[in-house]
Every structure is written in C-alpha cells, then in structure tokens.
Amino acid sequence: MKDIDVLRKDFPILERKINGKPLIYFDNGASTQTPRCVVDEIERIYYTGKANVHRGVHTLSQEATAAMEATREKVRAYIGADSTEEIIFTRGTTESINLVASSYGQLLADGDEIIITTLEHHSNIVPWQLLQQKKNITIKVVPLDANGALDLESYRNMFTDRTRLVSVAQVSNVLGTVNPIAEMATIAHRHGAIVCVDGAQAIAHMKVDVKALGADFYAFSSHKMYGPTGVGVLYGRKELLNAMPPYQGGGEMIGHVSFGSTTWADLPYKFEAGTPDYVGIAALSKALDYLQSIGVENIAAHEHRLLRYATTQMSEIPGLRIFGTAPEKSAVISFLIGNAHHYDTGVLLDQLGIAVRTGHHCAQPLMDYLGVEGTVRASFALYNTEEEVDAFIVALRRVASMLS
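Here's a quick rundown of the structure. Residues take numbers from 1 onward in each chain, read along the sequence in its written order. Totals for whole chains, interfaces and linings use all residues, but because this is a predicted model, local features are given only for residues with pLDDT of at least 70 and pairs of side-chain atoms are given and counted only at 80 or more. Side-chain calculation: all heavy atoms of the structure are included, whereas hydrogens and water are not.

### Observations concerning the pattern of salt bridges
Here is step 1 of the chain: By convention in these notes, a salt bridge is any Lys or Arg side-chain nitrogen within 4 Å of a carboxyl oxygen on Asp or Glu. Evaluation of the coordinates by the stated rule reveals 18 salt bridges.
Here is step 2 of the chain: Close ionic contact of R377 with D27 constitutes a salt bridge, the shortest N to O distance being 3.5 Å. Of the two residues, R377 is situated in strand β17 (residues 375-379) and D27 in the loop between β3 (24-25) and α2 (36-48); the sequence distance between them amounts to 350 residues. A single burial state applies to R377 and to D27, both of which are buried.
Here is step 3 of the chain: R91 serves as the salt-bridge partner of E95, at 3.3 Å between the closest nitrogen and oxygen.
Here is step 4 of the chain: Where salt bridges share partners, they join D27, R357 and R377 into one cluster. Numbering of helices and strands runs from the N terminus; a helix is a DSSP stretch of H or I covering at least four residues, while a strand is a stretch of E covering at least two. Only protein chains enter the calculation, and the probe is 1.4 Å; a residue is then buried if its accessible area is under 20% of its type maximum, exposed if over 50%, and partly exposed in between.

### Some points on the layout of surface pockets
Here is step 1 of the chain: Using only the protein atoms, space was sampled on a 1 Å grid; points where a 1.4 Å probe fits but cannot get out form cavities, open sets with protein on both sides within 12 Å along at least five of seven lines form pockets, and lining residues are those with an atom within 4 Å of a point. Grid points are joined across faces, edges and corners, and a volume is the space filled by probe spheres set on the points. In this structure, the largest pocket occupies an estimated 370 Å³ of space.
Here is step 2 of the chain: As for the largest pocket, its lining consists of 24 residues, of which H121, N173, Q201, K224 and C362 are closest to the centre.
Here is step 3 of the chain: Tallied by class, the residues present in the lining of the largest pocket amount to 6 nonpolar, 13 polar and 5 charged.
Here is step 4 of the chain: Taken as a whole, the second largest pocket encloses approximately 220 Å³ of empty space.
Here is step 5 of the chain: Around the second largest pocket, the lining is made up of 17 residues, and of these F89, T90, R91, E95 and P276 lie nearest the centre.
Here is step 6 of the chain: Within the residue set of the lining of the second largest pocket, elements represented by two or more residues are β4 (87-90) and α4 (93-103).
Here is step 7 of the chain: Residues are sorted three ways: Asp, Glu, Lys and Arg are charged, Ala, Val, Leu, Ile, Met, Phe, Trp, Tyr, Cys and Pro are nonpolar, and all the rest, Gly among them, are polar. Its residues placed into classes, the lining of the second largest pocket shows 8 nonpolar, 5 polar and 4 charged.

### Digging into the sheet that holds strand β6 (residues 138-142)
To summarise the sheet geometry, strands pair through backbone hydrogen bonds and adopt either a parallel or an antiparallel arrangement.
Here is step 1 of the chain: Here, strands pair whenever DSSP counts at least two bridges between them. The strand order across the open sheet built from 7 strands is β4-β10-β9-β8-β7-β5-β6, with neighbouring strands paired in mixed fashion. Edge strands, defined here as strands with exactly one partner in the open sheet, are β4 and β6. Direction aside, the axes of adjacent strands within the sheet are offset by 20° on average.
Here is step 2 of the chain: The pairing of strand β5 (residues 113-117) with strand β7 (residues 163-169) spans 3 bridges and is classified as parallel. In the sheet register, I114 faces β7, and the bridge partner there is L165.
Here is step 3 of the chain: Residues count as neighbours in contact if any of their non-hydrogen atoms are within 4.5 Å of one another. Only the stretch in contact is used when fitting a helix axis, every axis being a line fitted to C-alpha atoms; angles between N-to-C directions are given from 0 to 180 degrees. Lying over the sheet, helix α3 (residues 59-79) contacts β4, β9 (217-221) and β10 (232-236), oriented at roughly 120° with respect to β4.

### Description of a negative patch on the surface
Here is step 1 of the chain: A cluster of acidic residues, D3, D5, E386, E387 and D390, forms a negative patch at the surface.
Here is step 2 of the chain: Structurally, D3 is set in the segment before α1 (4-8).
Here is step 3 of the chain: According to the relative accessible area criterion, D3 is partly exposed, its value standing at 45%. The patches described consist of residues with a relative accessible area above 30% and no salt bridge, like charges being joined within 9 Å and nonpolar side chains (Val, Leu, Ile, Met, Phe, Trp, Tyr) within 5 Å. Surface exposure here means Shrake-Rupley accessible area, sampled with a 1.4 Å probe, where a residue is shielded only by the protein chains that are shown. The sign given to each residue is positive for Lys and Arg and negative for Asp and Glu; His and the chain ends receive no count. In this description, the location of a charge corresponds to atom NZ of lysine, CZ of arginine, CG of aspartate or CD of glutamate.

These results come straight from atomic positions and should not be treated as a statement about function.
What follows is the structure in structure tokens.
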C-alpha cells in the first residue's frame, strides 16, 4: 500500500484537533472520510457542469448524463455484474433493501418464508417486517455460535418448500463477522430461494464479485466507501429486475404516460424515478478510482493488521470485553469496559480526541441476543495507523481507571 502518511494528506479532516487533541477517527463503520479528489469533483460539477440528466439536448445535460452513466459502468465492473442494466442508483443501502422488499416482495404469496440472521442491521429487518404486514409471510432468524458466527447447520435446516428469499449482511456492522455468502447462496439456490446481500460493511474492505458470491441482489452505500452521502447502489440480476414492478412512480421511470395507463422505462431507469443525485453519483466514480489506485487487497491487509494489533492490546485491559471473535472477521471491534455504560465510555474517549460509535448500532435484536443495551465500536479504515491504536489503548486504560 502507498505510504500511509501520504494517503492521510488526502483527508484534511484528519488534521483537525478535537478538545485540543489530534483527531483519531475510529467511526469508519458509520461513514468513512472523503478524500480531496471526491470533494473536488463535487465542487467542479456544481461550479462548471450542473444540469439535469437524461432530459436535455444541450451540452451540459449531455455531459452530466455521460458522467452518471460512466459511473454506472464503473460500478458494474467494480462488482463484476454482467450489465449496467443491473445497476440501480438509490440513496443508500437502506433504500436499496427497501426497494427489494417493496418490489420483489409483491411477487411473494401468503405462506412464503424469508430467512434473515441475528446479525442484521435494522435496514435488513424492518423492511421485511413491513412486508409481513401486507403479506402473511414468515420471517426466520439464523442464530449465532459463541464466537458470533452464524450457525450454518441451523441455517440449512430452516429451508422448506416455501422458502423464497434469504437476506443477509456480508459483514456484521457490530461484530465484524464475515459471513460465508457464497456457501449460503449455494444452499439457498439449491432450495430455489434467491439471495439479497447487505454489502454496506464489505464494499470498501474486501473484493466483491456478485457473481462469485451468488448474490441475486447486492446493496451498498457510497458514504461507507469514501464517497459522498446520499448515494447508494442496488445490483439485481436482470431477469429478477425485469419481473419486478416499479418501486416509485414519477419522471424518468416511464415509457409512456396517459390518464388511462402508463408503461415503464427499460432497466435500469424503471427503478430510478425523479432526479437522481447525479453530482454525488459522478463523485462516487472518483471514490472508486481512489480505492482502485490503492488496491482493495492492500486496504484489507492493512486493516487486518490494525485489527490484530488492537485486539491483542485491548485483550490485556482488565475488565474489557470484546464482542465477536469469529474466525473470519472484518476490522470492527465492539466492546464494553466492565459495567461502564457505553455512552460514558464514548464521551470520555471524545474528550481525548477519539471518535468511536456507541449504542445499539441499529442492531437491537443482536444487542438483546448479547444481553447488553449497547456497545462501544471502533472501526478502522485505510488511513488509520498503529500509532493511533497505541493512543487509543492509552486512552482506554485511562477511561477504564476513571470508570472503575
């Protein structure tokens, strides 16, 4: 990987001080920071190239359209999809999963079954519950083992002739558990079920090939991969998307409109009603370029070094409990210090310039399963360093002594 000190210069926010201390940003699981090249692209478009896409014959509109569609092709290549028709732009992972639940869900019948897991973010629980209020479907939940890995034997035994869909996170946003998506997809397909993958916590940290994974749908967000907020992607296999009704109605997603009836546009536009965030989408292209210039394999290796380094040192702090020790784990550490409240720990760390996430992390069923109200979560990115981990450990020891 490129020299870390050089990379850090691409992120001006890392030069900030918080409460008089150098910022240590360990909340990357919520949102990564954004490099200069992405912000520069947003500024360039707003100042020199802002015009609505797909609707104009003039030069600015054509340029904006070309930039948006070039990003679609770049996303397609990045995740190994067959066609740009399979790449739908949304506002984020949450909207992408809601699109599947709302649209593909209309094709389900009373008595059908959906499998999710104990690890899921609310965005991969609540949309299916909303569907359940409209259709008499059953939601089954895969349990965990003691390390926070999925119980695959239980998963295998959940399938019946009414199982239609499996929706699962590739990486847990709380425990960092990396789920065996390819194996799970093989099992699901054997039973005639399709697989929807929440890739929000995976896309910036490991190579993603939707075909190799066996994903029928794959959802992720730009803001978790060094891009702008408000932009997401849904990959869906073409034959599935073609069979699904539109998610929203409005401009762009139509073929022909009359007061008597309406026909739909071809893919992918059938699912992109209204004016998209074409500026953010074009800037996502720069984020993808940035990731590829470093190499996602290099990023993964760097983050795993930090994970091992931090886990070893944190394990030596008396009373500190780490949640999630699955053999396959991403660079996320959730923990508690003794009986101290997670909020108190987070506030004290912030006073020392360290940004972590506290609370239930939009995974309350998992918290119930773990028997806690919430945790403190540190999550790493390509610009974090061992020196920051060292400072974090010193701060944790200080906080532990204050809260004991």
